Amino acid sequence: MERKKQGNYRENKSTGHKGARPAAGGVRQRPAARDVHTPEQKLILTALRRCGGGDGVPSRALMREAGVMNKNAFYEALRSLKEAGEVKVDKDHWVTLVPDSGDIEAQLVSLSEKFGFARPKNGTGDIFIPGSALKGAFVGDELVLSDIQQREKGPSGRVKRIVARASGSVTGTVHLDPGGARVTPDGPVRYDLKVRPADLNGARDGDKVLIRPQADGRGDWVFAEVKSVFGSGSSARVCSDAIIERCGIPKEFPPEVMAEAEQVSRAAITEADFRERLDLREEPVFTIDSADAKDLDDAISVRKTRAGYKLGVHIADVSHYVKAGGAIDREAFRRGTSVYFADRVIPMLPEALSNGVCSLNAGTEKLAFSALLSFDREGNMTGYEFHKSVINSKVRGVYREVNEILAGTASKDLLKKYAPVKTSLKNAKELADLLKKKAVERGEMELESGETKFVLDEKGVCIDILPRTTGESEALIEQMMIAANIAAAKVAQEAEIPFLYRTHEKPQPDRVIELCDLLDRLGVPCGELKKGNPTAKDFAAVLNRAKGTPKEALVSQRILRTMEKARYSDREVGHFGLALPDYSHYTSPIRRYPDTSIHRILTDLVSGTDPAEIAHRYAAFAAESAEESSKNEVRAVTGERAAEDCYMAEYMRAHLGERHVGIISGATPRGIFVKLPNNAEGFVSLNDFPDCDFEFDGEITHMDRRSGLTLTVGEELGIIVAAADVATGRIDFVPQEA
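Quantities reported herein were computed from a predicted structural model and do not represent experimental measurements.

Draft legend 1. Representation of the overall build of the protein within the structure. Within the protein one finds 19 helices and 35 strands. The C-alpha radius of gyration of the protein comes to 28 Å, within 12% of the 27 Å expected for a compact globule of 738 residues. With the principal axes as the frame, the protein shows a C-alpha extent of 80 × 80 × 60 Å. Out of the 738 residues in the protein, the part that is buried amounts to 52%. Accessible surface, the protein as shown: approximately 34,000 Å² in total, 50% of it carbon and sulfur.

Shown next, in the form of structure tokens:
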């Protein structure tokens, strides 16, 4: 399944977990996902913050401000907040918020036998929490932590209160042992849960299941009830089903969404549309996508001018069909993005739109939102306009075919197919080369994506894995889209209107220092990064030094880890990786809600709506859409990567015993990771090196004290494929010398 551009496994698991201890007896099920505050409590806290709750508010005035009409409900909620230590009420009935005094908001991200780790929302390092201080928290719960202390191995703290229970599902793999049944949970629950015979729900050994964790009478989360069975965990397709459930990725469209989509898909282009739009039907417009793509949301056309080039980037006018506040819009907001797995695509929009009325299919009149950009002969952008338009794509281009044309190896039949856009394609290649040159000059980083193409048979089983490569046509389209995204951001900045930007902030100085230490050990010069406040161009220089060496993939990977994560924001801070001060995502509204949001805002701007009115209409929407889109993007990427691990393991399971040579890609105290040329990555335990006594430098090298053998990240190692577990996505290698 072709993926539009847009974690390794654990080494071991422990058993059990100590949590809070309620009264003895009975079984406590994990509470359903919810905010632990009642509606009245939330209203009171919100009102207190609004009134500057640190100074105090009379209780009667607070009741009015909070809008709680039921007096008994108000005072019961107030009493509960007081007992929880969240507010104080003095003898005169003045209510004040209890100051945080160093408290930290966080999310529990890992749970083991006697401890957990919580990740602060302020972006600092994970905090260790002993089991006795977890207060019954489970992975994914939103917490307030207190008693934060800095210890030798890192910060520790205690759970002050659980703000909200996790919304994600818990999945795992069933194991039927002589001593009973257990479930190995997926994700960051690092111990097995026992399953009583009555709670198996028909699950068999090795099945992927949806579970409900349960605590025993002492409060230890040690049991699980099987709620449903997906199927055999030896199938990557079944594991993908479980991953989709675990990540909370919406699969089915609600009936009202499908009904609205069906109605919208029948909408014809009217005479009014032609009159109100820029008519570009005679322009040499064409699309380039993968051969199996069906959601064609971008097309281009390029003409030469006396001054340079005129680029048209024509994007499906999704905002014309998806109206704000409608059923489709609400569902698209909830999904945020299309999600791409090896065997399927979970679209953001119903197929009647994504593959139908919105898709820019060749030979049909389509409504578009066109960015018309002017460039001089050196590739500098000299002007930009945005127009609602009508287009008619002349050719449905395919990356592979265009690559053959650009390489001069195309057949006569292929040249005939592209004849209507021959000149436009030639001009596009010239302009793309200029834009790429400008990108390199400004310091754009070319990081190795490490993406993999999975080849499945008719039963959906992975039979081959290949590193995903990009040719000249892919690079051409990338430069065209980047140009349109830059122009969209510039228009918003100039008009001073609310907007969504694709931002990528500068890396943190401490991470740069850690990277430099690694590069020094690898022997890769990095003087530019040590000077303080390095630029993207400095990082690009380091990447270029490693290019073509066995260390290239590792250096690219580590630089990527050093970078901040790109996200959506209603505040423009630039894009560090692309070395751009202004950037957005405008070009894929069929599969990304941020782009749909931008189209909606720009629609008002190009229609002549006053910027002040646009600011009033979209300020809150832009902030909310950016936050939700960023969250949904993380959800999608997490699911995609987990599924890829399962497909990798499924493929490697058919190649047990084979010998390969790979690159050491990582090191831990217990062993090393080795990555093969096909991108499959496996773990090699130090125990599999006979008669060795390794010393670890804590970063990249294990050295055998006896023989002097070194295992260093970036070096080659011969391995034998020893094991592959599809259910966990884990692959194990052993060294060929063993």
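Draft legend 2. Focus on the packing of helix H18 (residues 593-606) against helix H19 (residues 611-653). In the contact formed by H18 and H19, the axes pass within 10 Å of each other and the chain directions differ by 170 degrees. With respect to H19, the axis of H18 lies roughly antiparallel. Residue-level contacts link Tyr593, Pro594, Ser597, Arg600, Ile601, Asp604 and Leu605 of H18 to Ile614, Arg617, Tyr618, Phe621, Ser625 and Ser629 of H19.

Draft legend 3. Here's a closer look at the packing of aromatic side chains. Taken as a whole and judged by the stated rule, the model has 14 aromatic pairs. Where Phe117 meets Phe128, the ring centres are 5.7 Å apart and the plane angle is 70 degrees; that geometry is what we call edge-to-face. A residue pair is termed long-range when its members are at least 10 positions apart, and Phe117 in strand S6 (residues 115-120) and Phe128 in strand S7 (residues 127-130) qualify at eleven residues. Classification of Phe128 by relative accessible area gives partly exposed; the value is 29%. Between Phe386 and Tyr586, the ring centres sit 5.2 Å apart and the planes meet at 85 degrees, which makes this aromatic pair edge-to-face. With Phe386 in strand S22 (residues 381-392) and Tyr586 in the loop between strand S27 (567-569) and H18, this pair connects stretches of sequence that are 200 residues apart. By relative accessible area, Phe386 is classed as buried at 8%. The side chain of Arg335 reaches across the aromatic face of Phe253, ending 3.6 Å from its centre.

Draft legend 4. Inspection of the pairing of strand S9 (residues 154-164) at higher detail. Both strand S8 (residues 142-151) and S9 contribute to a ladder of eight bridges, which runs antiparallel. Among the inter-strand pairings, Glu142 is bridged to a residue of S9, identified as Ala164. In this structure, the hairpin formed by S8 and S9 is closed by a connection of two residues.

Draft legend 5. Local environment of the sheet that holds strand S35 (residues 730-735). The strand order S28-S29-S30-S35-S34 describes a closed barrel built from five strands, whose pairing is mixed. Put simply, the sheet's adjacent strands are angled 50 degrees from each other on average, direction ignored. Sheet topology places strand S28 (residues 659-668) next to strand S34 (residues 716-725); five bridges connect them, and they run antiparallel. Within S34, the residue paired with Arg659 across the bridge is Ile720.

Draft legend 6. Geometry of the nonpolar core. Judged by nonpolar contacts, the single largest core of 83 residues is most densely connected at Leu311, Leu353, Phe386, Met480, Tyr586 and Leu602. Looking at which element gives the most residues to this core, the answer is helix H13 (residues 472-495), with eleven residues. Not counting residues within four places of it along the chain, the set of residues in contact with Leu602 comprises Phe369, Phe386, Ala488, Val491, Phe499 and Tyr586. One finds Ala536, Ala642, Ala724 and Ile731 within the second-largest nonpolar core, a separate group that totals 63 residues.

Draft legend 7. Seen up close, the pattern of salt bridges. Enumeration according to the criterion identifies 52 salt bridges in this entry. Across the pair Asp177 and Arg182 runs a salt bridge whose closest N-O atoms are separated by 2.5 Å. A relative accessible area of 26% means that Arg182 is categorised as partly exposed. Here Glu528 and Arg545 are joined by a salt bridge, their closest N and O atoms 2.3 Å apart. Placement of the pair is Glu528 in helix H15 (residues 527-530) and Arg545 in helix H16 (residues 536-546), with a sequence separation of 17 residues. On the basis of relative accessibility, which here comes to 36%, the residue Arg545 falls in the partly exposed class. Through salt bridges with shared partners, a single ionic network connects Arg237, Asp241, Asp343 and Arg344.

Draft legend 8. Just the packing of helix H2 (residues 59-66) against helix H3 (residues 71-83), in detail. One can describe the packing of H2 onto H3 by two numbers: an axis separation of 11 Å at closest approach and a directional angle of 110 degrees. Regarding the angle of H2 to H3, the classification is roughly perpendicular. On H3, the residues that touch Ser59, Arg60, Leu62 and Met63 of H2 are Lys71, Phe74, Tyr75 and Leu78. Grouping the amino acids of the contact of H2 with H3 by side-chain chemistry returns five nonpolar, one polar and two charged.

Draft legend 9. Here's a closer look at helix H17 (residues 552-562). Residues Leu554, Val555, Ser556, Arg558, Ile559 and Thr562 constitute the buried set of H17. Next to the buried residues of H17 lie helix H14 (509-522), H16 and S28.

Draft legend 10. A look at the sheet that holds strand S2 (residues 57-58). Ordered in space as S2-S4-S3, the three strands form an open sheet in which the pairing is antiparallel. Of all the strands in the sheet, just S2 and strand S3 (87-89) have a single pairing partner and so form its edges. Docked against the sheet, helix H1 (residues 39-50) engages S2, S3 and strand S4 (94-97), running at close to 85 degrees with respect to S4.

Draft legend 11. Molecular detail of the state of the cysteines. Applying the stated criterion to the full structure yields zero disulfides. No disulfide involves Cys646; its nearest neighbouring cysteine sulfur is the one of Cys239, lying 4.3 Å away. Looking at Cys646, the relative accessible area reads 4%, which means it is buried.

Draft legend 12. Geometry of the environment of Ser240. Tracing the chain through its elements places Ser240 in helix H4 (residues 236-247). Ser240 sits 101 residues away from Phe341 along the chain, and the two C-alpha atoms are 7.9 Å apart. Residues contacting Ser240, with those up to four places away along its chain left out, are Phe341, Arg344, Ala643 and Tyr647.

Draft legend 13. Summary view of the confidence of the model for the protein. The predicted model of the protein averages 90 in pLDDT, with 94% of residues at 70 or higher. Low pLDDT, under 50, characterises residues 1-25; the predicted model gives this stretch 107 contacts beyond four residues in sequence or across chains.

Draft legend 14. View of H3. The end-to-end C-alpha distance of H3 is 18 Å, a good match for the 18 Å that 13 residues give at a rise of 1.5 Å each. When we look at burial in H3, the residues that qualify are Phe74, Ala77, Leu78 and Leu81. For H3, the angular spread of the buried residues around the axis is 100 degrees, confining them to a single face. The exposed set on the far side of H3, more than 90 degrees from its buried face, consists of Asn72 and Glu83. Looking at the buried side of H3, the elements it contacts are H1, H2, S3 and S4. The residue sitting at the N-terminus of H3 and contributing the capping side-chain oxygen is Asn70; that oxygen lies 3.0 Å from the backbone nitrogen of Asn72.

So, how was this worked out
Residues numbered from 1 in each chain as written. Predicted model: local features only at pLDDT ≥ 70, side-chain atom pairs only at ≥ 80, totals over all residues. Heavy atoms only, no water. Helix = DSSP H or I, 4+ residues; strand = E, 2+ residues; numbered from the N terminus. Rg over C-alpha atoms; globule rule 2.2 N^0.38 Å. Buried < 20%, exposed > 50% of the residue type's maximum accessible area, 1.4 Å probe, protein only. Areas by Shrake-Rupley, 256 points an atom, 1.4 Å probe, with all protein chains shown as cover. Axes fitted to C-alpha atoms, helices over the stretch in contact; angles between N-to-C directions. Parallel < 35°, antiparallel > 145°, perpendicular 65-115°, else oblique. Contact = heavy atoms within 4.5 Å. Phe/Tyr/Trp six-rings, centres within 6.5 Å; stacked < 30°, edge-to-face > 60°. Lys NZ or Arg CZ within 6 Å of the ring centre and 35° of its normal. Pairing = 2+ DSSP bridges. Core = buried A, V, L, I, M, F, W, Y, C linked by side-chain atoms within 4.5 Å. Salt bridge = Lys/Arg side-chain N within 4 Å of Asp/Glu carboxyl O. Nonpolar A, V, L, I, M, F, W, Y, C, P; charged D, E, K, R; others polar. Disulfide = S-S within 2.5 Å. pLDDT = per-residue confidence, 0-100. Expected span 1.5 Å × (residues − 1). Arc of directions from axis to C-beta. Polar contact = N/O pair within 3.5 Å; in protein donor to acceptor, adjacent residues only side chain to side chain.

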